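A closer look at the structure
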Amino acid sequence: MDEKILEIDNLTVSFDGFKALNQLNLSINTGELRVLIGPNGAGKTTLQDVITGKVRPTEGNVYFKGKSLVGYKEHEIARLGIGRKFQTPRIYLNLTVRENLDLACNRNKNLLSTLMGRISSGDKRKVVGLLETIGLTAKADLSANLLSHGEKQRLEIGMLVAQSPELLLVDEPVAGLTDEETENVGSLLLALAESHSILVIEHDMEFVRQIARTVTVLHQGSLLCEGTMEEVQHNPRVIEVYLGETPEIVDS
Ligand code: ADP
Ligand code: MG
């Protein structure tokens with residue numbers, strides 16, 4: 001059995017000759033929570049774009065559970081079991097929290113019947129469970145526009161999970177959040193990591209410390225180093241590329 005849920009094999013992406021990703025190799029084990037960091041322009045978003053089928057590799061390959069994703073369209077890759085959370089929440093602000101989750105459970109079914117309340121008992125149970133997981137049970141019937149920024153992020157993560165992905169890609173989930181909200185999102189990701197493989201892209205080092213087991217550092221489209229937070233933050237090459245950008249990576 002293949003232990004790797006995701007394998008990036010010698011991946012290069014050129015934009016008019018500029019290599020946003022340059023012979024990148026990286027793999028994530030099934031069930032792993034991995035954090036990807038790297039200075040601006042390192043290629044983090046491009047990597048997610050390739051995994052989700054938005055951008056095609058110039059060279060190399062991406063394997064999901066041993067199967068090459070190259071050539072698949074975005075919606076096909078989503079259906080194979082890869083869910084992507086963008087940086088800005090994509091939720092319906094004029095619907096309640098529960099309605100947002102109902103819709104996410106029913107994405108392939110009829111939108112109108114979802115809103116008319118024709119939801120299967122299985123989906124109802126699923127939504128109750130999701131509300132619990134994202135910590136929004138008490139706010140289930142509030143309109144989503146009344147949620148704080150952190151609550152919106154958690155709702156969107158819940159909507160992603162509603163579609164039962166095996167691998168979750170999460171781009172900067174705590175940007176702009178308060179410390180308390182950051183911790184909530186961290187706890188949520190840790191809880192989800194018990195039943196999903198997750199790749200998180202993040203800048204906030206406190207947050208990375210809270211959730212990270214293995215950290216991968218990307219620089220100029222290639223792997224700079226990989227290890228525990230402790231190993232990574234003391235790596236001289238990491239310190240060098242981060243100098244002037246995110247000095248807080250180095251413990252004072
Ligand atoms: P990160 O997310 O790590 O900040 P990106 O993946 O967004 O980095 O970008 C990596 C590099 O590739 C940057 O130098 C960026 O300007 C360049 N790049 C990204 N997308 C495109 C594109 N569509 N066309 C040209 N250059 C691009
Ligand atoms: Mg980016």
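Quick note: structure is the one above.
Presented here is a report on the structure given in the accompanying data block. (Residues numbered from 1 in each chain as written. Chains lettered and ligands numbered in written order. Predicted model: local features only at pLDDT ≥ 70, side-chain atom pairs only at ≥ 80, totals over all residues. Heavy atoms only, no water.)

1. Focus: the packing of helix α3 (residues 97-105) against helix α5 (residues 121-133)
Running from amino to carboxyl end, α3 crosses α5 at an angle of 125°, the nearest separation of the two axes being 10 Å. Comparing their axes, α5 and α3 come out oblique. Crossing hand, α3 versus α5: right-handed. Between α3, through V97, R98, L101, D102 and C105, and α5, the contact on the second element is made entirely by D123, K126, V127, L130 and L131. Class assignment for the residues of the contact of α3 with α5 results in 6 nonpolar, no polar and 4 charged. (Axes fitted to C-alpha atoms, helices over the stretch in contact; angles between N-to-C directions. Helix = DSSP H or I, 4+ residues; strand = E, 2+ residues; numbered from the N terminus. Parallel < 35°, antiparallel > 145°, perpendicular 65-115°, else oblique. Left-handed = near helix turned anticlockwise from the far one by under 90°. Contact = heavy atoms within 4.5 Å. Nonpolar A, V, L, I, M, F, W, Y, C, P; charged D, E, K, R; others polar.)

2. Observations regarding the site of ligand 1
F15, F18, A20, P39, N40, G41, A42, G43, K44, T45 and T46 make up every residue found near ligand 1. Within the backbone of G43, an N or O atom sits 2.9 Å from an oxygen atom of ligand 1. Between ligand 1 and T45 there is a distance of 2.8 Å, counted from an oxygen atom to a side-chain nitrogen or oxygen. Broken down by secondary-structure element, the contributors of at least two residues to the shell around ligand 1 are β2 (18-29) and α1 (44-51). (Near = heavy atom within 4 Å. Polar contact = N/O pair within 3.5 Å; in protein donor to acceptor, adjacent residues only side chain to side chain.)

3. A closer look at the sheet that holds strand β1 (residues 4-15)
With antiparallel pairing, 4 strands are arranged side by side in an open sheet as β2-β1-β4-β5. Only two strands of the sheet have a single partner each, and these edge strands are β2 and β5 (67-68). As paired elements, β1 and strand β4 (residues 59-64) share 5 bridges and run antiparallel to each other. Bridge pairing links D9 to N61 in β4. (Pairing = 2+ DSSP bridges.)

4. Describing unusual backbone geometry
We note that D16 has phi near 50°; this positive angle belongs to a residue other than glycine. By the secondary structure assignment, D16 is in the loop between β1 and β2. Of note, Q220 is a non-glycine position whose phi angle comes to about 50°, a positive value. Given the relative accessible area of 56%, Q220 is considered exposed. (Buried < 20%, exposed > 50% of the residue type's maximum accessible area, 1.4 Å probe, protein only.)

Any link to function would need more than the numbers given here.
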